[in-house]
Amino acid sequence: MGVTEFAAKGAMVMVLWLGFALRLHRLDVYGLWLDELGQASMVVQSLRQALLGAQIHHGAAPLDYVVSWLVLLVLGHSDFVIRLPAVMFGVLTLALTYRLGRTLFGAPVGVLAALLLAVAPLHLRYSQEARFYSLFTALAVASTLALMGALRRPSWRHWLVYAALLTAALYSHYYAVLLAAVQG
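The text that follows walks through the structure, step by step, so that each part is easy to find. (Residues numbered from 1 in each chain as written. Predicted model: local features only at pLDDT ≥ 70, side-chain atom pairs only at ≥ 80, totals over all residues. Heavy atoms only, no water.)

**Description of the overall build of the chain**
- Looking only at helices and strands, one finds ten helices and zero strands in the chain.
- Listed by position from the N terminus, the elements making up the chain come as α-α-α-α-α-α-α-α-α-α.
- At 17 Å, the chain has a C-alpha radius of gyration in line with the 16 Å of a compact globule built from 184 residues.
- Based on the C-alpha atoms only, the size of the chain along its principal axes is roughly 50 × 40 × 25 Å.
- A buried classification covers 43% of the 184 residues belonging to the chain.
- Across the chain, contacts joining residues at least 24 apart in sequence account for 68% of those joining residues at least 6 apart.
- Put simply, the chain shows about 10000 Å² of open surface, and 73% of that area lies on carbon and sulfur atoms.
- When the 12 positive and 7 negative side-chain charges of the chain are each reduced to one mean point, those points stand 13 Å apart. (Helix = DSSP H or I, 4+ residues; strand = E, 2+ residues; numbered from the N terminus. Rg over C-alpha atoms; globule rule 2.2 N^0.38 Å. Buried < 20%, exposed > 50% of the residue type's maximum accessible area, 1.4 Å probe, protein only. Contact = heavy atoms within 4.5 Å. Areas by Shrake-Rupley, 256 points an atom, 1.4 Å probe, with all protein chains shown as cover. Lys, Arg positive; Asp, Glu negative; His and termini not counted. Charge placed at Lys NZ, Arg CZ, Asp CG, Glu CD.)

Here is the structure:
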């Protein structure tokens, strides 16, 4: 590992901590928004109700409801907990953005891309909301990375990973149809 690669990894650790801290900051200061309340009211009941909620709420896809249900089942019920998956998917997107930037343009560009995303107000906002936005973003970047891997080293395993991530994206937001079209 060269000096540049070592420095990039160290910088990425700092970017990830910064992104995590910014996403946790004031996470439970405000109550849940109306659409968050709609999701929370369904996922606190049962998995069946969570899936039903995904069917009846506008623009909702089932994967985010299932993730929310699982997190509440394990960690308990609070505004902080219901928003925690969005935080984690937001931070995961930072790491995936670094990887995408590094793959395409080198480690310094990957770090810069992740840093810009870490402080981007819109990404921060949606990484703190108990809805599907940060999950979909993470899956969109992950499926793009998987597609690049499958194109560079074609094998059934690489294509299977890509298909699984794209399918998960489709179950997290219906805009994944557009993502699939662009990737195609």
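Once the structure has been displayed, the description carries forward.
**Description of the nonpolar core**
- Val43, Ala50, Tyr65, Leu72 and Ile82 are the most contacted members of the largest nonpolar core, which has 15 residues in total.
- If you list the elements that add at least two residues to this core, you get helix 2 (34-43), helix 3 (47-56), helix 4 (62-75) and helix 5 (79-105).
- In terms of residue count, the dominant contributor to this core is helix 4 (five residues).
- Residue contacts for Leu72: discarding those within four places in its chain leaves Val43, Val44, His77, Ser78, Val81 and Ile82. (Core = buried A, V, L, I, M, F, W, Y, C linked by side-chain atoms within 4.5 Å.)

**Quick word on the pattern of salt bridges**
- Scanning the entire structure with this criterion turns up two salt bridges.
- Put simply, Glu36 and Arg83 hold a salt bridge, and the shortest N to O gap is 2.8 Å. Of this pair, Glu36 sits in helix 2 while Arg83 sits in helix 5, and the two are 47 residues apart along the sequence.
- Here Arg125 ties to Glu129 by a salt bridge, and the two come within 2.4 Å at their closest N and O atoms. (Salt bridge = Lys/Arg side-chain N within 4 Å of Asp/Glu carboxyl O.)

**Quick look at the packing of aromatic side chains**
- Going through the model one piece at a time under the given rule, you end up with four aromatic pairs.
- Geometrically, the ring pair formed by Phe132 and Tyr133 is tilted, given 4.7 Å between the ring centres and 50° between the ring planes.
- Taking the relative accessible area as the measure of exposure, Tyr133 reaches 25% and is therefore partly exposed.
- With a centroid separation of 6.0 Å and 80° between ring planes, the pair formed by Trp159 and Tyr162 is classed as edge-to-face. Remark: Tyr162 and Trp159 occur in helix 9 (residues 156-170); sequence separation between them is three residues, near one turn of the helix.
- Residue classification places Tyr162 among the buried residues on the basis of a relative accessible area of 11%. (Phe/Tyr/Trp six-rings, centres within 6.5 Å; stacked < 30°, edge-to-face > 60°.)

**Details of the environment of Leu24**
- With respect to the element layout, Leu24 can be found in helix 1 (residues 3-24).
- Under the relative-accessibility criterion, Leu24 is labelled partly exposed at 25%.
- When the C-alpha atoms of Leu24 and Ala169 are compared, they prove to be 24 Å apart, with 145 residues separating the residues in sequence.
- Once you skip the residues sitting within four places of it in the chain, Leu24 turns out to touch Phe80, Leu84, Val87 and Gln128.

**Considerations on a positive patch on the surface**
- The grouping of Lys9, Arg99, Arg152 and Arg153 at the surface amounts to a positive patch.
- Structurally, Lys9 can be placed in helix 1.
- We classify Lys9 as partly exposed; its relative accessible area is 37%. (Patch = residues over 30% accessible without salt bridge, like charges linked within 9 Å, V, L, I, M, F, W, Y side chains within 5 Å.)

**Considerations on the side chain of Gln183**
- Topologically, Gln183 is positioned in helix 10 (residues 176-183).
- Judged by its relative accessible area of 15%, Gln183 falls in the buried class.
- Among the polar contacts made by the side chain of Gln183, one reaches the side chain of Ser143 at a distance of 3.0 Å.
- Contact partners of Gln183, with chain neighbours within four places excluded, come to Ala140, Ser143, Thr144, Leu147, Tyr162 and Leu166. (Polar contact = N/O pair within 3.5 Å; in protein donor to acceptor, adjacent residues only side chain to side chain.)

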